[in-house]
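The primary structure of each chain is shown beneath.
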Amino acid sequence: MKEFNTQSVIGVIGAGAMGAGIAQVAATAGHPVLIFDNAEGAAEQGIANTAKGLDKLVSRGKIDAATRDAILARMQPISELQALADADLVIEAIVESLEIKRSLFTRLESICKPDTLLASNTSSISITSIGAALERPQNLAGMHFFNPAPIMKLVEIVSGLDTAPEVAKALHQLATGWGKKAVRAKSTPGFIVNRLARPFYAEGLRLLEEGAADCTTLDALMRDAGGFRMGPFELMDLIGHDVNYAVTCSVFNAYYGDTRFLPSLTQQSLVDAGRLGRKSGQGFYDYREESEKAKPQTLQGADTQSVKAITVEGDLGCANALIERLRTADIKVIEREGRGLLRVGDCTLALSDGRMACERATQDGIDHLVLFDLALDYRTCSRLAIASDHRVSTDELTVVADLFARAGITLSQLDDAPGLAVMRTVAMLANEAADAVMQSVCNAGDADRAMQFGVNYPRGPLAWAESVGLPFIHQTLSNLQRSYGEERYRPSRLLRQKVYSGERFDV
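Residues numbered from 1 in each chain as written. Predicted model: local features only at pLDDT ≥ 70, side-chain atom pairs only at ≥ 80, totals over all residues. Heavy atoms only, no water.

Asker: For this particular structure, what's the right way to read the sheet that holds strand β5 (residues 117-120)?
Answerer: One key point about sheets: their strands pair by backbone hydrogen bonds, in either a parallel or an antiparallel sense. The eight strands lie next to each other as β3-β2-β1-β4-β5-β6-β7-β8, forming an open sheet whose pairing is mixed. Each edge of the open sheet carries a strand with a single partner, namely β3 (75-78) and β8 (181-186). Averaged over all pairs of adjacent strands, the angle between strand axes in this sheet comes to 25°, irrespective of strand direction. Sitting on the sheet, helix α6 (residues 165-177) touches β4 (89-92), β5, β6 (140-145), β7 (154-159) and β8, and the angle it makes with β8 is about 155°. The strands that helix α17 (residues 444-454) touches are β7 and β8; relative to β8, the one it contacts most, it runs at about 125°. (Pairing = 2+ DSSP bridges. Helix = DSSP H or I, 4+ residues; strand = E, 2+ residues; numbered from the N terminus. Axes fitted to C-alpha atoms, helices over the stretch in contact; angles between N-to-C directions. Contact = heavy atoms within 4.5 Å.)

What follows is the structure, encoded as structure tokens:
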């Protein structure tokens, strides 16, 4: 297996934001770095941009001037590919074109040493397809960094069909030595992150299109209840709808039209209209100076002191922490046997299980049913989604709002959508992760690490599913599938197997 040290020369092709960022990572780790770009002066400009970023770190006291100077001294622009002849690793970060990448790596094979490792930073192109044109495809792997590379921790090490195991292992060790969280993936559409993240956007878009709530409310719920740094709509606006929609279409087409990855007509309309998000001034939100920021919909209470006691029937599972929070808010809690319900006034509250409130009320014979959503942590969440059976009155909902307000939780009422917001999203993220593990794209631990360090999820989807309970997640997905009658929500066979065998994911 090839071993790297600080004398190992790293070549980077492409001096844009990503290429320069990768070069900075390698130089910071102590390697001499050679940077090439076809555009005249681009390599020098990439280094100059890096210098500006390092200057800011010096001014903030994050690094000292000597460290900055040492990093920059290791970064050298080159004007010809032949200068990479003695490189130990060459990473390309150029345009996403299969033919251009094939041509580049073919040239590199004729220039570099036979044991030089070649890596592509592609986020979407098959490593197997790139390697098919090479004489030594065993030396090629994906090394997918996330932008900005010096800050984002994740690197996906992607193996094509011909990638030698020792090459993937060497790159994994190298990235880890650079202070990155390296995960291994098989070369399949979207690798880990771009595949597993699709439900985060798709479920929000479906709720919006069905009129369950507006994008401001849904974003607030994913932040304040789900613990995500950004909701799906503000994140799509940040990424850019042209980019996000293209990735969804790419994964959808690569999986031969699998409905789990179905693109959204709403997002297509934004792309067609040129409303690409922050960079164009409009997307789901209006970023122009004169625009007013919308506020999430909030269910108003009347008197937080009106609720004195609640009755808890049975075990509420992952929502038990909510009961403790209500008790801490001086709500008297009466406990008795039952099927996991909470009663306040004439209302019955239950954690969403993927059914509509009206559906569950009818099937389970529960009058005046109000469903509440999943939270990352019921002890600290500041907002929750609810949905109610149509027989629940406005006065009854006011009592429910008063109860939660007493504990410092704001409620947003959604239309009676199955699975609400956080529950259905987490269930679908876990389901996609389970399928990726079953198909040997990655292992369970890497699936969770990829989502935490690649897109800053508050918890890995499989670990989150286990905290909720795999049987409950499986039940939620099964109920969603029945509600919609779509293959999109079918539970992963591996998830089903874990449930019925009583096993857990190795996360």
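On we go from here.
Asker: What should I look at first to understand the sheet that holds strand β14 (residues 383-388) in this one?
Answerer: Sheet architecture is open: seven strands sit in the order β10-β9-β11-β12-β13-β14-β15, paired in mixed fashion. The outermost strands of the open sheet, each flanked by one partner alone, are β10 (332-336) and β15 (410-413). Strand-to-strand twist of the sheet, defined as the mean angle between neighbouring strand axes without regard to direction, takes the value 30°. Alignment of strand β13 (residues 369-372) against β14, held across three bridges, turns out to be antiparallel. Its bridge partner being in β14, Leu 371 is matched across the sheet by Ala 387.

Asker: Is there a simple way to explain the pattern of salt bridges in this structure?
Answerer: Opposite charge on two side chains lets them pair, provided their charged atoms get close. Applying the stated criterion across every chain, the model contains 35 salt bridges. Notably, a salt bridge pairs Arg 195 with Glu 432, separated by 2.8 Å at the nearest N-O pair. One end of the pair, Arg 195, is in helix α7 (residues 193-196); the other, Glu 432, is in helix α16 (residues 422-438), with 237 residues separating them in the sequence. With a shortest N-O distance of 2.6 Å, Glu 313 and Arg 343 are connected by a salt bridge. Here the residue Glu 313 occupies a position in strand β9 (residues 309-313), and Arg 343 occupies one in strand β11 (residues 341-344), the gap between them amounting to 30 residues. (Salt bridge = Lys/Arg side-chain N within 4 Å of Asp/Glu carboxyl O.)

Asker: Looking at this model, I keep getting lost on the packing of aromatic side chains. Mind explaining?
Answerer: Each aromatic ring pair is specified by the distance between its two centres and by the angle formed by the two planes. For the structure on display, the rule yields 10 aromatic pairs. Consider the rings of Phe 372 and Phe 404, whose centres lie 6.5 Å apart with planes at 55°: the pair is tilted. Of this pair, Phe 372 sits in strand β13 while Phe 404 sits in helix α15 (residues 394-406); the two residues are 32 residues apart in sequence, bridging distant segments of the chain. Accessibility classification places Phe 372 together with Phe 404 in one group, the buried group. These aromatic residues form a ring-pair network of at least three members: Phe 200, Tyr 201, Phe 228, Tyr 457 and Trp 464. Residue placement shows Arg 206 over the ring face of Tyr 484; its charged tip is 4.5 Å from the ring centre. (Phe/Tyr/Trp six-rings, centres within 6.5 Å; stacked < 30°, edge-to-face > 60°. Buried < 20%, exposed > 50% of the residue type's maximum accessible area, 1.4 Å probe, protein only. Lys NZ or Arg CZ within 6 Å of the ring centre and 35° of its normal.)

Asker: What is the right way to look at the nonpolar core in this model?
Answerer: One broad trend across soluble globular proteins is that nonpolar side chains are buried collectively. Counting 128 residues, the largest nonpolar core has Leu 84 and Leu 108 as the members making the most contacts within it. For this core, the element with the highest residue contribution is α16, accounting for 11 residues. Filtering out sequence-adjacent residues up to four positions away, Leu 108 remains in contact with Ile 13, Leu 81, Leu 84, Val 90 and Leu 118. Residues Ala 43, Met 75, Val 167 and Leu 171 belong to the second largest nonpolar core, which totals 37 residues. (Core = buried A, V, L, I, M, F, W, Y, C linked by side-chain atoms within 4.5 Å.)

Asker: What is the right way to read the layout of surface pockets from this model?
Answerer: Where empty space is left can be seen by rolling a probe of water-molecule size over the atoms. In this structure, the largest pocket spans a volume of roughly 1200 Å³. Looking at the largest pocket, it is lined by 44 residues, and the ones nearest its centre are Phe 146, Asn 147, Asn 194, Ile 239 and Val 243. Listing elements by their share of the lining of the largest pocket, those giving two or more residues are α1 (17-28), β6, α7, α8 (198-209), α10 (232-239) and α11 (241-254). When its residues are assigned to classes, the lining of the largest pocket shows 25 nonpolar, 14 polar and five charged. By volume, the second largest pocket amounts to about 680 Å³. Forming the walls of the second largest pocket are 28 residues, and the residues nearest its centre are Gln 24, Leu 54, Leu 57, Pro 150 and Ile 151. The biggest single contributor to the lining of the second largest pocket is helix α2 (residues 42-59), with eight residues. (1 Å grid on protein atoms, 1.4 Å probe; cavity = no way out; pocket = protein on both sides within 12 Å on 5 of 7 lines; lining within 4 Å. Points joined across faces, edges and corners; volume = space filled by probe spheres on them. Nonpolar A, V, L, I, M, F, W, Y, C, P; charged D, E, K, R; others polar.)

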